[in-house]
Amino acid sequence: MSAAQPFDGPPTFLPDSMLPADGRFGSGPAKIRQEQVDALTALGRSWLGTSHRQAPVRRVVGELRAGLADFFALPDGYEVVLGNGGSNAFWDIATSCLVLRRAQHVVIGEFSAKFAAATTAAPFLADPDVRRAEPGSATTAQAAQVDAYAWPHNETSTGVALPVQRVAGTGPEALMLVDGTSGAGGLAFDAEQADAYYFAPQKCFGSDGGLWLALLSPAAIERAERIGRDGRWIPAFLDLVAAIENSRKDQTLNTPALATLALMNEQVRWLNENGGQAWAAQRCASSAAIVYDWAQANPLTTPFVAVPAHRSQVVATIDFDDSIDAAAVAATLRAHGIVDLEPYRKLGRNQLRFGLYPAVQPDDVRALVACVDAVVEHLP
Ligand SMILES: *Cc1c(COP(=O)(O)O)cnc(C)c1O
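Residues numbered from 1 in each chain as written. Predicted model: local features only at pLDDT ≥ 70, side-chain atom pairs only at ≥ 80, totals over all residues. Heavy atoms only, no water.

- As annotated in an unreviewed UniProt entry, the chain is phosphoserine transaminase from Kineosphaera limosa NBRC 100340.
- Quoted straight from UniProt, the Cofactor (unreviewed entry) entry for the chain says "pyridoxal 5'-phosphate". (UniProt positions renumbered as here; feature names shortened; annotations may be inferred.)

Take a look at the structure:
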């Protein structure tokens, strides 16, 4: 790469011809396609910087909500709801507005632990029933005396994916709250199996962060309305009923980032035009197969997730032999413009983490693993 290249780090040595066409392999924020940026630029003077209460912006929000309903083949009565604050905000919203007395949480990494911490801290809820598994492994929810079950579709910190499936032996009182932040858009599932399936734009939907979106079942909407009526104090910003009412009007409670909405709408349109959820999931699976096959064939690398059925098709975590410094590999890749393969900071493993969302081209993943091999060979 030329001396003017913008990336920090050790000297570069890989020839340009070896590099992936796009070097963004982060797990979020993740690759935004140039076509999305171009579409945003085209909206420049007429749309960006205009009121989110007026028709042009509301049209985009409406298109986005309809596009997602299409993409997820949303069952009758389900609604696409959105608001500001990202998935972290939705944990507090769900704690305030969806859990009646007690939740069960599957905790298999940093993100699932954070939601469990939120319901644990809530003074109006009983301590949750927490089902933990070691990082890199999986466990599932089990019927218990709770009114909400929470688990991640894809635990981004470890690269473990779980099925989206109603917990057996539970009644209609039990809500299924699934964190789809990094799974949504890349892992296929049946929306009917969750009551609140929530996510954010900066992973498979290749946009900027800051928004939360949720597919809410009639039971989830009813629960939020009931808790609202019961008189629990809910901070206005966390009021899910207000978010539902605003979303029905293609608005948000307070001002959203217009650029994020436009970028995400463009990505959902692209996904739907290409074949929707099935196509996207297939593309991610192809990318994941390249990484896992490479890691298993290479004597210096092992997939961190031991059980193949638990391995995520959107975030692949690969451990390196102690003789290789994975952080040095990541730094060298970064110098070449191949970025964000560093593992989740708190996991503390000698690892690379590959974000394989639908925007990433499988051909680029093929080029990437060849570059990793070349860097490993070149390291002292
Ligand atoms: C990224 C991520 C989050 C956090 O999303 P924010 O929009 O930054 O709040 C939550 N859960 C999972 C599974 C994630 O991957």
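Some words on the packing of helix H2 (residues 55-71) against helix H7 (residues 258-274)
- In the contact formed by H2 and H7, the axes pass within 9 Å of each other and the chain directions differ by 35°. Judged by the sense of rotation from one axis to the other, the crossing of H2 with H7 is left-handed. Residue-level contacts link Val57, Val60, Val61, Glu63, Leu64, Gly67, Leu68, Asp70 and Phe71 of H2 to Leu258, Leu261, Ala262, Met264, Asn265, Val268, Arg269, Leu271 and Asn272 of H7.
- Grouping the amino acids of the contact of H2 with H7 by side-chain chemistry returns 12 nonpolar, three polar and three charged. (Axes fitted to C-alpha atoms, helices over the stretch in contact; angles between N-to-C directions. Helix = DSSP H or I, 4+ residues; strand = E, 2+ residues; numbered from the N terminus. Left-handed = near helix turned anticlockwise from the far one by under 90°. Contact = heavy atoms within 4.5 Å. Nonpolar A, V, L, I, M, F, W, Y, C, P; charged D, E, K, R; others polar.)

Regarding the pairing of strand E4 (residues 148-152)
- With five of its five residues buried, E4 lies for the most part within the structure.
- Of the pairings in the sheet, the one linking strand E2 (residues 103-107) to E4 comprises three bridges and is parallel in character. Looking across to E4, one finds that Gln104 is bridged to Tyr149.
- Summarising the sheet, E4 and strand E7 (residues 175-179) pair through five bridges and their orientation is parallel. Bridging across to E7, Ala148 finds its partner in Leu175. (Buried < 20%, exposed > 50% of the residue type's maximum accessible area, 1.4 Å probe, protein only. Pairing = 2+ DSSP bridges.)

A few points about the side chain of Ser312
- Looking at where Ser312 falls in the secondary structure, it is placed in the loop between strand E10 (301-303) and strand E11 (315-320).
- Polar side-chain contacts of Ser312 include one of 3.0 Å to the backbone nitrogen of Val314.
- If we ignore the near neighbours within four places in the chain, the residues touching Ser312 are Asn154, Gly159, Val160, Ala161, Ala288 and Tyr292. (Polar contact = N/O pair within 3.5 Å; in protein donor to acceptor, adjacent residues only side chain to side chain.)

Here's the deal with the layout of surface pockets
- Looking at the largest pocket, its volume works out to about 210 Å³.
- Considering only residue class, the lining of the largest pocket consists of three nonpolar, five polar and six charged.
- Looking at the second largest pocket, its volume works out to about 170 Å³.
- As for the second largest pocket, its lining consists of 14 residues, and the residues nearest its centre are Ile108, Gly109, Glu110, Pro135 and Leu347.
- Of the residues in the lining of the second largest pocket, the class split is seven nonpolar, three polar and four charged.
- Three or more residues apiece are contributed to the lining of the second largest pocket by two domains, here domain 1 (22-33 + 276-377) and domain 2 (34-273). (1 Å grid on protein atoms, 1.4 Å probe; cavity = no way out; pocket = protein on both sides within 12 Å on 5 of 7 lines; lining within 4 Å. Points joined across faces, edges and corners; volume = space filled by probe spheres on them. Domains from an automatic or database assignment.)

Some details on unusual backbone geometry
- Residue Pro29 is bonded to the preceding Gly28 through a cis peptide linkage, with omega at -5°.
- Here Pro29 is to be found in the segment before helix H1 (34-42).
- Positive phi is not limited to glycine here, since Asp250 has a value of about 55°.
- As for its placement among the helices and strands, Asp250 is situated in the loop between helix H6 (240-248) and H7.

Here we look at empty space enclosed by the protein
- Counting across every chain of the model gives four cavities of 30 Å³ or more.
- Each pocket or cavity is described by its volume, and for the largest cavity that value is around 110 Å³.
- Elements that contribute at least two residues to the lining of the largest cavity include exactly strand E1 (79-84) and H6.
- If one sorts the elements of the lining of the largest cavity by residue count, H6 sits on top with four residues.
- Of the residues that constitute the lining of the largest cavity, the class distribution is eight nonpolar, seven polar and one charged.
- Reported here for the second largest cavity is a volume of approximately 50 Å³.

Things to note about the packing of H7 against helix H8 (residues 276-297)
- Across the interface, H7 lies against H8 with an axial gap of 6 Å and an inter-helix angle of 90°. Judged by the angle between their axes, H7 and H8 are roughly perpendicular. The residues of H8 that touch H7, namely those facing Trp270, Leu271, Asn272 and Asn274, are Gly276, Trp279, Ala280 and Arg283.
- Residue composition of the contact of H7 with H8, by class: four nonpolar, three polar and one charged. (Parallel < 35°, antiparallel > 145°, perpendicular 65-115°, else oblique.)

Description of the domain arrangement of the chain
- We note that the domain assignment places domain 1 (22-33 + 276-377) and domain 2 (34-273) within the chain.
- On a C-alpha basis, the centres of domain 1 and domain 2 stand 26 Å from each other.
- Taken together, the contact pairs 32 residues of domain 1 with 36 residues of domain 2.
- Roughly 2700 Å² of surface becomes buried between domain 1 and domain 2 when both sides are summed, with 59% attributable to carbon and sulfur atoms.
- Looking at the side of domain 1 facing domain 2, the largest losses of area belong to Ile32, Arg33 and Gln277, adding up to 31% of the total buried there.
- Here Lys346 ties to Glu110 by a salt bridge, and the two come within 3.5 Å at their closest N and O atoms.
- Where domain 1 touches domain 2, the interface holds 12 residue pairs in polar contact (both at pLDDT 80 or more).
- Elements supplying a minimum of two residues to the side of domain 1 that touches domain 2: H8 and E11.
- With eight residues, the single largest contributor to the side of domain 1 that touches domain 2 is H8.
- When grouped by side-chain class, the residues that make up the side of domain 1 that touches domain 2 number 18 nonpolar, eight polar and six charged. (Buried area = accessible area lost by both parts, 1.4 Å probe. Salt bridge = Lys/Arg side-chain N within 4 Å of Asp/Glu carboxyl O.)

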